[in-house]
Amino acid sequence: MPAAIVGREGPLAGRRFVIGDTPITFGRKDDNSVVIASGRASRHHAQVLRENGEYVVKDRGSRNGTMVNGTPVTSQVLHPGDVITIGDETFSFEAAGDMETIMDAPLPEAFARSRARIDPGPVLNVTISGGGPVGLGFALLLDHLMGRRVSVTVYDGRWTQDGPRVVWKSEKQGNIRRQQVVTVQSRQYLNLPEPVQKRLFTEGAYTEMWPTGPDSIRGYGPRNIRIAYIEDTLLDMANDKPDRIRLVPANFYPTEHHETVVKDHVLAICEGGRSGTRDFFTNKFGNADKSIYSLEGTHIQDVVLGLRVKSDLSDPMTVLLTVAQNRFLLNALRGEGFLNMRLTDEEAKEVVGIDPVRHVFTECIASRPCLMGRTDQGEYLCSTHSTLFLPALIRSSALWKRVMEGLALFGVAEENLRAVTAFRLDMVQRPRFTAQLYSATSSTPGTYGFLLGDAANAIHFWPGRGLNSGLASAISLARALDRAWRGRPFRDADFLRHEAAMSMLQYRHKSRAWKAMVTTDENGVTCAIKDKIVEGIEEGSAGPDRDADIEALMERLRQIRSRLAPRIPGMPDDETLRAHLGGLKDETLRTLLVSGPWETLIVGGEEVDIDIFDQDPPTAPQPEPAPVAGSVAGSVAAPVAGSARAEELPEHTRLISRGPTDSVTPG
C-alpha cells in the first residue's frame, strides 16, 4: 500500500490520505488537502511531504504547533506508527507496504488501526449547508445507508464547540431556539433509521394529538414533538459519529468554501427559506415564480403572530376549535406550544417593538424571527435587540385585545402567554431542485447541488407539512445517492426519480397550503382569507346577531365533530361548546365564523409516497424476434418482465390508489 496519513481521533478518524508527489497540507482554510475544523488549528498549519526518499512532517508557523508522538516539532522525519497531533485531531503515519502485525498492540488500539486500513472503495464526499432537522436527518440517513462509503460535513453557524462535541449556541450567544411543536407524519418517521426513531420517540417526548389520515402508515398516527428536541437529539446522534459525520460550527458561504464545493461530489442546501447559498446558485436552479400564488398580480403573503402559550384545554377540544376556523391555530405538546394568529394587513402594521431607552420604534419582531419573552413586569422583551412589544404596552391596542380573545378561545390564562414572535409566510414555485454546479475535470469530480427542506419548498404551516416535506426530500435524496454512487461522476439521469419526487412534493403540499391562504366568497370569487377576517371585524363591530353567530358556529362544530369523533375520543359535548363560545366577544365570534373552517375534505386525499420511486425500474420489453422458417404464426408471447396484477404489488405501492380522505393533521 502507498504511504499515507490516517485519521486516528477526531472527525477525520478512519480517513486515509495518500502521500503522493505533492505535499499533504493541513489547516482550517479550504485550500488545504486536509481541512481541520478545530479552532486550535491555524489556517495553514502543517504539511507532510516526501524529501530525499523519506516522509517529513513540517510545521508551517502554526499558532499552537505540531506534535509528533507528543513532542512539538518544526520538521520531523516520520516512521511507521508515528502519531501526529494537529489542533484537536490526531493522525498516524503508515509507510508504503507497511504490514506490521496488529496483534502486538493492545486490542482496542489494534482494532482501531486495522479498521483504519479497511478500504471501503471510492468515498462519496458530501457537504451540507444548514444543520437543522432536515440537514442533520439527511446526514444520519446517508450514514445509515452508505456507512464508510460516504463522508459528510455539515456546516451551521448556530452551533459552537464545547470540548469534543458541537452544541447549539445559547440565547446569550445570539441563538433563539425554536420551541414550536411540529407534527411528524408516520409516512416520514417510519422511513428514518430505526436508531433515530428510538431516540426521538422516547416516552414523554411526543404526543398523538391529531387523528390518523392518508399520511398514516400501518396504523401509526402523526406525532407532535418539539422542534428544539428534534434538533438536540439529531445533533447529539451526529456527534456520536465523528469518523463519518464532521460537524463544523460555522456558516457556510459559497464564495469562501468554493474549493470545498468543487472538490466534493455533493452540496445539499438545507439552510431554510432564506438560503443565501441557494440564491448564490440561482443561475443553476432557476428563478422562483410568484405568479402561481398571486391574486390579481399581487403575491399573497400572510403575517402570523406566534404566541407561546400553555393551554388548559384537552387535545380533542383544541383540535375541534382549531379546525372550525382559520383565524387561530394551536399546535401543542400536552397543552404547551404556539397559538398562531393570522393577521390582517392593518394588524401586521402594529407588530413593532420600541426601544425603551431611546424611545424609538423598531421593526425587529416584524422583520426578523425575534422572540420577545415575558418579563416579571408582564412586558415582552426581545433579548437580541432589547426592544419591547408595543401592542402589549398599549392596553387600548385593538390587536392586543384580539390577542386576549384568542387566548380565551383556547383556554390560556394571560400569565400563561410566555412569549411573542411573528412570521411572514408566502410561497413560490421552484423550477428545479437538482443541478450540476460544477462539471467534472481531471482534478475535480463534478459537483451536484440539491435543494432540501424549506430551501426547496417553504410551505405555509397552517395545514403544515413543512418538516414532513423536508424529511421526505432528505429520504429521497439519500436513497438516490446510495443507489447511484459507483465511484464515478454523477449524471442527471441518476437523479431522475428524486427530481420527480421533489416536484410531486411541491405540487401536493403547496396546493394544500394555497387552500389555507385563500377561499372563495359567496359569488365564487377567490380572495385571501385575511381579507375575510377584515370583513368579520367590520361586521362584528356593527352589532351582529350574536345568537345567530353562536348557532352557526355550533352547527359547524357538530359537523366536524361527527367526522372526527371515530378517530379522536373525548370530544366535547354541545353544552361544553356553547358555554365556551358564550365567553367570547361579538367581534371574535363573527371573525371566527367568516374566516371559514379548514377545507379538510378538499385538501385531503392521495399523498406523495416516495417509496414508489425506489422500486427497480421494470425491464424493458424485448423486441419480438424476426420470424424464422417453420415458426407458427400467432404463437403466444411470454409475459413481459416486470408486469404484475394489482394485488401482487408491494403494499407501499398500492397505498397510492386510495381515494380522497378527510385529513386535519398539520406538520
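Residues numbered from 1 in each chain as written. Predicted model: local features only at pLDDT ≥ 70, side-chain atom pairs only at ≥ 80, totals over all residues. Heavy atoms only, no water.

An unreviewed UniProt entry lists the protein chain under the name FHA domain-containing protein, with Sphaerisporangium rhizosphaerae given as the organism.

A. Main features of the overall build of the protein chain. In terms of helices and strands, the protein chain carries 22 helices and 35 strands. The buried share among the 667 residues of the protein chain stands at 53%. Once local pairs closer than 6 in sequence are excluded, the contacts in the protein chain between residues at least 24 apart make up 71%. As displayed, the protein chain has an accessible area near 30100 Å², and 52% of this comes from carbon and sulfur atoms. (Helix = DSSP H or I, 4+ residues; strand = E, 2+ residues; numbered from the N terminus. Buried < 20%, exposed > 50% of the residue type's maximum accessible area, 1.4 Å probe, protein only. Contact = heavy atoms within 4.5 Å. Areas by Shrake-Rupley, 256 points an atom, 1.4 Å probe, with all protein chains shown as cover.)

B. Representation of a positive patch on the surface in the model. On the surface, a cluster of positive charge is contributed by R28, K29, R43 and R63. Summarising the element assignment, R43 is placed in the loop between strand 4 (34-35) and strand 5 (46-51). (Patch = residues over 30% accessible without salt bridge, like charges linked within 9 Å, V, L, I, M, F, W, Y side chains within 5 Å. Salt bridge = Lys/Arg side-chain N within 4 Å of Asp/Glu carboxyl O. Lys, Arg positive; Asp, Glu negative; His and termini not counted. Charge placed at Lys NZ, Arg CZ, Asp CG, Glu CD.)

C. Representation of the side chain of N224 within the structure. By the element assignment, N224 lies in strand 18 (residues 223-226). With a relative accessible area of 0%, N224 lands in the buried category. At 2.6 Å, the side chain of N224 and the side chain of T183 are in polar contact. Reaching out from N224, the side chain makes a polar contact with the side chain of N331 at a distance of 3.0 Å. (Polar contact = N/O pair within 3.5 Å; in protein donor to acceptor, adjacent residues only side chain to side chain.)

D. Representation of the sheet that holds strand 17 (residues 206-207). Taken together, the three strands give an open sheet; going across it, the order is 16-18-17, and neighbouring strands pair in antiparallel fashion. The sheet is open, and its two edges are formed by strand 16 (181-184) and strand 17, each paired on a single side. Strand direction decides the pairing type here: strand 17 and strand 18, joined by two bridges, are antiparallel. Residue pairing for strand 18: Y206 is matched across the bridge by I225. Across the sheet, helix 5 (residues 227-239) is in contact with strand 16 and strand 18; its angle to strand 18 comes to roughly 75 degrees. (Pairing = 2+ DSSP bridges. Axes fitted to C-alpha atoms, helices over the stretch in contact; angles between N-to-C directions.)

E. Broad picture of the sheet that holds strand 6 (residues 54-59). Overall, mixed pairing links the five strands, which are arranged 4-3-5-6-9 in an open sheet. Looking at which strands have only one partner, the edges of the open sheet turn out to be strand 4 and strand 9 (75-77). The sheet contact formed by strand 3 (residues 24-27) and strand 4 spans two bridges and is parallel. By the bridge assignment, F26 is partnered in strand 4 with V34.

F. Here's a closer look at unusual backbone geometry. At N69, a residue that is not glycine, the phi angle is positive and equals roughly 55 degrees. Inspection of the secondary structure puts N69 in the loop between strand 7 (66-68) and strand 8 (71-73). In this structure N69 comes out as partly exposed when scored by relative accessible area, which is 47%. Although it is not a glycine, S386 adopts a positive phi angle of roughly 55 degrees.

G. Summary view of the packing of helix 9 (residues 315-323) against helix 19 (residues 574-581). At a minimum axis separation of 13 Å, helix 9 and helix 19 run at an interaxial angle of 60 degrees. Taken together, the axis directions place helix 9 and helix 19 in an arrangement best described as oblique. Both helix 9 and helix 19 take part in a crossing whose hand is right-handed. Listed contacts from helix 19 to M317, L320 and L321 of helix 9 are T576, L577 and H580. (Parallel < 35°, antiparallel > 145°, perpendicular 65-115°, else oblique. Left-handed = near helix turned anticlockwise from the far one by under 90°.)

H. How the structure looks around the environment of D573. Note on placement: D573 falls in the loop between helix 18 (546-564) and helix 19. Taking relative accessible area as the criterion, D573 reaches 41% and is therefore assigned partly exposed. For the pair D573 and R558, spaced 15 residues apart in the sequence, the C-alpha separation amounts to 8.9 Å. One polar contact links D573 to T576, side chain to side chain, over a distance of 2.8 Å.

I. Molecular detail of helix 17 (residues 529-541). Over its 13 residues, helix 17 runs 19 Å from end to end, which matches the ideal 18 Å to within 8%, given 1.5 Å per residue. All buried positions along helix 17 are accounted for by I529, K530, K532, I533, G536, I537 and G540. Down the axis of helix 17, the sector holding all buried residues measures 150 degrees, keeping them to one side. With its phi angle positive at about 80 degrees, G543 sits one or two positions after the end of helix 17. (Expected span 1.5 Å × (residues − 1). Arc of directions from axis to C-beta.)

J. Representation of the pattern of salt bridges. Tallied over the entire structure, the rule returns 41 salt bridges. Of the charged contacts in the structure, one is a salt bridge between R558 and D574, with a shortest N-O distance of 2.9 Å. Residue R558 is found in helix 18, and its partner D574 is found in helix 19; the two are separated by 16 residues along the sequence. One continuous salt-bridge network, built from bridges that share partners, spans R187, D215, R465, R508, R512, E607 and D609.

K. How the structure looks around the side chain of T183. Among the secondary structure elements, T183 is positioned in strand 16. A polar atom in the side chain of T183 sits 3.1 Å from the side chain of N331.

L. Spatial organisation of the state of the cysteines. Scanning the model with the defined rule gives zero disulfides in all. Take C382: it sits in no disulfide, and the sulfur closest to it among the cysteines is that of C364, at 4.1 Å. (Disulfide = S-S within 2.5 Å.)

M. Region of interest: the packing of aromatic side chains. Under the counting rule described, the total for this entry stands at 20 aromatic pairs. Look at Y448 and F490: their rings are 6.4 Å apart centre to centre, the planes differ by 90 degrees, and that puts the pair in the edge-to-face class. Placement of the pair is Y448 in strand 33 (residues 447-451) and F490 in the loop between helix 15 (466-484) and helix 16 (496-515), with a sequence separation of 42 residues. Taking the relative accessible area as the measure of exposure, F490 reaches 7% and is therefore buried. One aromatic cluster in this structure is built from Y448, F450, W485, F490 and F495. The residue whose ring lies beneath R223 is F201, and the NZ or CZ to ring-centre distance is 4.8 Å. (Phe/Tyr/Trp six-rings, centres within 6.5 Å; stacked < 30°, edge-to-face > 60°. Lys NZ or Arg CZ within 6 Å of the ring centre and 35° of its normal.)

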